[in-house]
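Next come the chains, spelled out residue by residue.
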Amino acid sequence: MIRWIKASGAGILAAGVCLGAAAWSDARELAGRRAELQREARLIASLVAAQMQGGLEKHLTAMRQMANLYASSRRVGEGQFRSYAANTLKLNPACLNIAYVDPALRIQRSYPLEAARWRPVFDARSHPPGYETVVRADRARKPMLSRPMQLFGGTWGFVLAVPVVSGSHLLGSLVGACRGQEYFDSLVSREVSERYEQVVLDAGTPIFMSDLPGSSDPSVAPVSEKFVIGGAGWEVRVSPQEHVVRDRLTAGRPVFWAMAWLFSVTFGALAGGAALWAVGMSNRLQTQRAALVEARTRLDGAQEQLIQAEKMTALGDLVAGVAHEINNPLTGIVGYTQLLIQRRLPPSVHRHLETISAEGQRIVKIVRNLLSFARKHAPEKRLIDLNEVVEKTLELKAYHLRSNQIKVVEELAPGLPKTLLDFHQMQQVLINLLNNAEQAMVESGRGHTIRLATGVVEGHIHLCVSDDGPGIASDILERVLEPFFTTKKEGEGTGLGLSLCNGIVQEHGGRIRVESPPGEGATFIVELPIQQKAASIDPIPEPFAPKTVEPLRVLVVDDETSVQEFLTELLGMGGHRVDTASDVPEAIAKIAAGAHDLIIVDLKMPNGTGRDVYAAVLELRPRLARRLIFITGQATGDDMADFLAATGNELVLKPCNAGEIEDAMARAARN
Ligand code: ADP
């Protein structure tokens, strides 16, 4: 929608710009045409003025010649006057009449009209212009033109008076009367009159106006041309007729505007199309950019995760190695302590041995927890009590939390129903939640208690991990479970912890909820369904019945002398005959020699593994294959776990106590 609005805007703008440019060019063209019209009018005005001046000059010259004749011949006969006057009138068809008046303005001769017709023309009272003109001419001894005046019979025109002077003596005046309209009409061609309105003024008073229909156009100013003749200042004003201006100004404009509109609409449509394409392209680029940024963020997160996973693998290997090294001597310590406790010793020694045994068991627990945390294995759900996961995890985290002065309050519901859980995955979830709470409290310097509560709510097992730390702002509460969402500094948080936890819990058919009322810290609630259907996955070990184990011939294969010796003594006490081997070749040689009822073999040894011993037993003494007990001080990897599952044989973890060994022997002896 916005794309279309933008495109339409661009189209309208482009069309508007085109129309604006067309209007500007049109205005310039009009101004040019007006200027052109004005230039033409100026030309016409000067032409008309020149013609008018020329005509008057001609008339004047003819009148002067007559005046010269009068001045030179003193007595001019009637015939002579008429012939001259007729010739003069021929030269100037607009001239009505020529008269000769004496200095007292009495008409002496007149042609072609009788003298009586002239009389009113020189009446100082009724026709002052005629009278005054002749008087001015006589006084000045120069030809003079009258102002517009009424001639004979009411005709409007003007007179030209030329004094007849002999020496300095005034003899009289020759006066020519011209009809204004005819005079001017004869000077201006019809073609010009049709196109231009002309006004002739004498000292500002109009004496002639073209009488054609139509009026001048006010948009083109009139131009004027002035000249002086016979003491009169005449002005010719010319302006183009309205229709001329209209024709000139509108010529070609409809076509121009049609083209301009067509071009504007086309250009607008093209610009709109281009804008639509550009906006679409820009949107696509933005989307691609956002996708790239997201992909980059995910890649960075995945890389971080990989680095983290690699670190964890290295840590797991380290822990497993250390645990293995501790387990062998620990087996001796714990085992011998138990053997000693069974002897009759002074009570104080017995008490000390009890303490050593209890502390030894504590170390055993810690090492086993470390091992189970480091163990790499495929998801494996068993019927487990969630409280057990909580307790084992707390044992792992206890030291760390204590060193940060964080108190842990446990409110674990007794008799929590077991459910199908992957112990290690659930441990990972809890460790993540504890780590987050711990980090939030340490970083903010707020809070000092973590509360762990379990229980059953509406048929679901609940695990609540609450802290009294800074809590989570309501605007990000919804987002904390999203992958890559973190508020921690770069390098400190990946934003994957909670999303992994959520994934694990969802895989168990449950969910994680987060609550953080303002000022009350954060609470993560893990809800798990109660699932017990696949209980057969986790076979419940049969109770130990030591009395059922008959004395057996047992081969103990272990490279650790302390373990060998402890097992020899333990089994000896149980009435068994014990043979030992310190590596695989020795063990195979002894198995080949025969005479054993049961074999206890360490999984990891120099020159081969427990698997090699098992393979040899399968080959040499197949009936003994199910009577082989594996012991190990190290975490079992996925392939080893698969191997053990395939054989179905017993596995005892070092450090082991007498009970565990006897249990395993009792079960193996039944095979
Ligand atoms: P990370 O710890 O790498 O940031 P998580 O997914 O574990 O990734 O956590 C996401 C975000 O949730 C954290 O950055 C933090 O802002 C918030 N958060 C999680 N647990 C808590 C808590 N207990 N108190 C306050 N904030 C928490």
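Right above here is the structure, for reference.
Calculation criteria
Residues numbered from 1 in each chain as written. Predicted model: local features only at pLDDT ≥ 70, side-chain atom pairs only at ≥ 80, totals over all residues. Heavy atoms only, no water. Near = heavy atom within 4 Å. Polar contact = N/O pair within 3.5 Å; in protein donor to acceptor, adjacent residues only side chain to side chain. Helix = DSSP H or I, 4+ residues; strand = E, 2+ residues; numbered from the N terminus. Core = buried A, V, L, I, M, F, W, Y, C linked by side-chain atoms within 4.5 Å. Buried < 20%, exposed > 50% of the residue type's maximum accessible area, 1.4 Å probe, protein only. Contact = heavy atoms within 4.5 Å. Pairing = 2+ DSSP bridges. Axes fitted to C-alpha atoms, helices over the stretch in contact; angles between N-to-C directions. Right-handed = clockwise from strand over helix to strand, strands pointing away. Expected span 1.5 Å × (residues − 1). Bend = angle between axes of the 7 residues up to and from the residue.

1. Things to note about the site of the ligand
Move 1: In the neighbourhood of the ligand, 19 residues make up the surrounding shell, with Thr486, Thr487, Lys488, Thr494 and Gly495 lying closest.
Move 2: Interatomic distance of 2.5 Å between a side-chain N/O atom of Lys488 and an oxygen atom of the ligand.
Move 3: A distance of 2.9 Å separates an oxygen atom of the ligand from a polar atom in the backbone of Leu498.
Move 4: For the shell around the ligand, the elements supplying multiple residues, two or more each, are α11 (423–444) and α13 (497–507).
Move 5: Top element by residues in the shell around the ligand is α11. It accounts for three residues.

2. Overview of the nonpolar core
Move 1: Core analysis: the biggest nonpolar cluster contains 46 residues, and Met52, Phe81, Ile98, Leu174, Tyr183 and Trp234 have the highest contact counts within it.
Move 2: Top element by residues in this core is helix α1 (residues 2–73). It accounts for 14 residues.
Move 3: Apart from residues lying up to four places away in sequence, Leu174 is in contact with Met63, Met66, Ala67, Tyr70, Phe81, Ile98, Ala99, Tyr100, Leu160, Ala161, Val162 and Val164.
Move 4: Core analysis: the next-biggest nonpolar cluster, separate from the first, contains 38 residues, Ile406, Met441, Ile472 and Ala522 among them.

3. Description of the pairing of strand β23 (residues 628–632)
Each regular strand carries side chains that alternate between the two faces of the sheet.
Move 1: With five of five residues buried, β23 lies mostly within the body of the structure.
Move 2: Here β23 shows two buried faces, one formed by Leu628, Phe630 and Thr632 and the other by Ile629 and Ile631.
Move 3: In terms of strand pairing, β23 meets strand β24 (residues 651–653) through three bridges, oriented parallel. Its bridge partner being in β24, Ile631 is matched across the sheet by Val652.

4. Some points on the sheet that holds strand β10 (residues 232–240)
Move 1: In space, the four strands of this open sheet follow the order β8-β7-β10-β9, with antiparallel pairing throughout. Two strands close off the open sheet at either side, each with one partner strand: β8 (205–209) and β9 (223–229). Each strand of the sheet is rotated relative to its neighbour by a mean of 25°, with strand direction disregarded.
Move 2: The sheet strands contacting helix α5 (residues 180–187) are β7 (196–202), β8 and β10, and the helix crosses β8 at an angle near 60°.

5. Quick notes on the pairing of strand β18 (residues 553–557)
Move 1: Judged by how many residues are buried, β18 sits mostly within the fold: four of five residues are covered.
Move 2: Across five bridges, β18 lies against strand β19 (residues 577–581) in parallel orientation. Looking at β19, one finds that Val557 is bridged to Ala581.
Move 3: Handedness of the crossover is the feature at issue here: the chain leaves β18, passes through helix α14 (residues 561–573), returns alongside β19, and the resulting connection is right-handed.
Move 4: Pairing between β18 and strand β20 (residues 598–602): four bridges, direction parallel. Counterpart to Val556 in the pairing with β20 is Ile600.

6. Details of helix α10 (residues 386–403)
Move 1: Over its 18 residues, α10 extends 26 Å from the first C-alpha to the last, a length consistent with the 26 Å expected when each residue adds 1.5 Å.
Move 2: Taken as a whole, α10 carries its principal kink of about 50° at Lys397.
Move 3: Capping the start of α10, Asp385 holds a side-chain oxygen 3.0 Å from the backbone nitrogen of Asn387, two or three residues further along.
Move 4: Just beyond α10, the residue with positive phi is Gln405, at close to 55°.

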